[in-house]
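Fold and contact review
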Amino acid sequence: MGRRLLLIAVLLSAGCATGSALRAGQRAEQMQDYDLAVAEYTKALRQRPDDRDARLALDRARLRAADAHFSRGRRLAAQSRFEEALIEFQIANELNPASADVETELRRTRASMRAKLAVATNGQTALETLVARSRVQPPPGRDLPDDAMMPQGILTGPRTTSRELYQMIGKFADINVIFDPSFESVAAQVDLRGLSLREALDAISASTRTFWRVTAPRTVTIVPDTAVKRREYQEDVVRTFYLSNADLKETTDLLRVVVDARQVYATTATNSITIRDTAERVEAVGRLLNAIDKARPEVVIDVELLEVDRERFKEYGLQIASGGEAGISGGLNVNEDGLTLRGLRSLSQSDVIVFGLPALYYRLLKTDTNTRTL
């Protein structure tokens, strides 16, 4: 008789606990606190896995909570607060993983965050962009206009000479073109339509055995391409390149081997490399450094430490992991027994599985008055 009374008392206690959780969930739902409603209904379903009312109430609260987080996420995304919006969409996805709209917004928000992180081209910061641009800039006063383009209607006939072509380019680009005393004009027919200034100069040089040098501001000198003239017009340039990510010693060794730079000086204090060589080699060094001086891939993790009330953990059905376990667990029940490997094998469609929602519980615990952010 005593055992029967004890059993009845236990059943009544369980029923009261389940009813209390259901009533708490209903109150939270009426107050439109759907997160709390999900937690209360989940607790009720853990206590009575076969309770149809608790299961229907939980499904309803999950959908309403998902809609609330989804709407909040869209408002935050419209304000470009993508980090906060992403959290809302992730919670909505946990609550309603079947929603295609939530999946779409998740992808869109992640793409917006990636675009926001890419401050400048190729994901570089403004300072890195400035350093990269300085690597390919010619010496002051020796640059050529980058916006000069040859017109589409420019045509050359069979009797056009190389001197006429160079002079034509100078006229279109508004630059001075002078010729070395040993220059000899030859017949040349080159299609210059739509080419930039540098491309046009290179095209004529390649077809007439000449080369060009910027010898003064907006002034180009045309020279016969011989070994003697190359040495005569060879001018050493000194430039310092600052490294952001590449190793100083490895980069110095690479430049000596790949670019065959003559004089390379590494400065550890400023993490920079100074090159003294021809303008062509210095320009090649700048292009090479742009290719190799990249930031290494990183993983950024945001961590927040909360001091919470253990009793609140128990109320939500959470468990604090012990040593060697993965972390906070939302609990997992199959009917009234714990889930084991043998239990997994014997699962049927009638079994009820209750999963916790860590992100949602985190939000609930953080808003609790007994929780303190460390």
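Criteria and cut-off values
- As a convention, each chain's residues are numbered from 1 in the sequence order in which they are written.
- Reporting in this predicted model follows two pLDDT cut-offs: at least 70 for local features of residues, and 80 or more for side-chain atom pairs to be given and counted; totals over whole chains, interfaces and linings ignore these cut-offs and use all residues.
- In computing side-chain values, all of the structure's heavy atoms are included and hydrogens and water are not.
- By definition here, a salt bridge exists when the distance from a side-chain nitrogen of Lys or Arg to a carboxyl oxygen of Asp or Glu is within 4 Å.
- Whether a residue is buried, partly exposed or exposed follows from its accessible area with a 1.4 Å probe, protein chains only, as a fraction of its type maximum: under 20%, in between, or over 50%, in that order.
- Helical segments are the DSSP runs of H or I of at least four residues, strand segments are the runs of E of at least two, and each set is numbered from the N terminus.
- The arc in question is traced by the directions running from the helix axis to the C-beta atoms.
- As used in this structure description, the phrase polar contact means that two N or O atoms lie within 3.5 Å; if the pair is within protein, one of them must be able to donate a hydrogen and the other to accept it, and residues adjacent in sequence are counted only when both atoms belong to side chains.
- The pairing test for Phe, Tyr and Trp rings, Trp by its six-membered ring, is centres within 6.5 Å, and the orientation test on the planes gives stacked under 30 degrees, edge-to-face over 60, and tilted for anything in between.
- When the NZ atom of lysine or the CZ atom of arginine is within 6 Å of a ring's centre and also within 35 degrees of its normal, the charge is said to sit over that ring.

1. Describing the pattern of salt bridges
- Within this structure, the stated rule accounts for 13 salt bridges.
- Here R48 makes a salt bridge to D50, at a shortest N to O gap of 3.9 Å.
- Three or more residues joined by partner-sharing salt bridges are found here, namely E29, R60 and R64.

2. Some points on helix α10 (residues 248-258)
- For α10, the set of buried residues is L248, T251, T252 and L255. In an axial view of α10, the angular spread of the buried residues amounts to 100 degrees, which keeps them on one side of the axis. Of the exposed residues in α10, those oriented more than 90 degrees away from the buried face are K249, E250, V257 and V258.
- N-cap assignment for α10: the residue whose side-chain oxygen lies 3.2 Å from the backbone N of K249 is D247.
- D260 sits one or two residues past α10 and shows a positive phi near 60 degrees.

3. Thoughts on the packing of aromatic side chains
- For the coordinates displayed, the defined rule picks out 3 aromatic pairs.
- Centre to centre, the rings of F70 and F89 are 5.8 Å apart; their planes meet at 55 degrees, and the pair counts as tilted. With a gap of 19 residues between them, F70 in helix α3 (residues 52-78) and F89 in helix α4 (residues 82-95) connect regions that are remote in the sequence. A single burial state applies to F70 and to F89, both of which are buried.
- Where Y166 meets F179, the ring centres are 6.3 Å apart and the plane angle is 70 degrees; that geometry is what we call edge-to-face. Remark: F179 occurs in strand β1 (residues 176-179) and Y166 occurs in helix α7 (residues 162-173); sequence separation between them is 13 residues.
- Owing to a relative accessible area of 19%, F179 belongs among the buried residues under this scheme.
- The ring of F179 is capped by R163, whose NZ or CZ atom sits 4.4 Å from the centre of that ring.
- Residue placement shows R230 over the ring face of F211; its charged tip is 4.2 Å from the ring centre.

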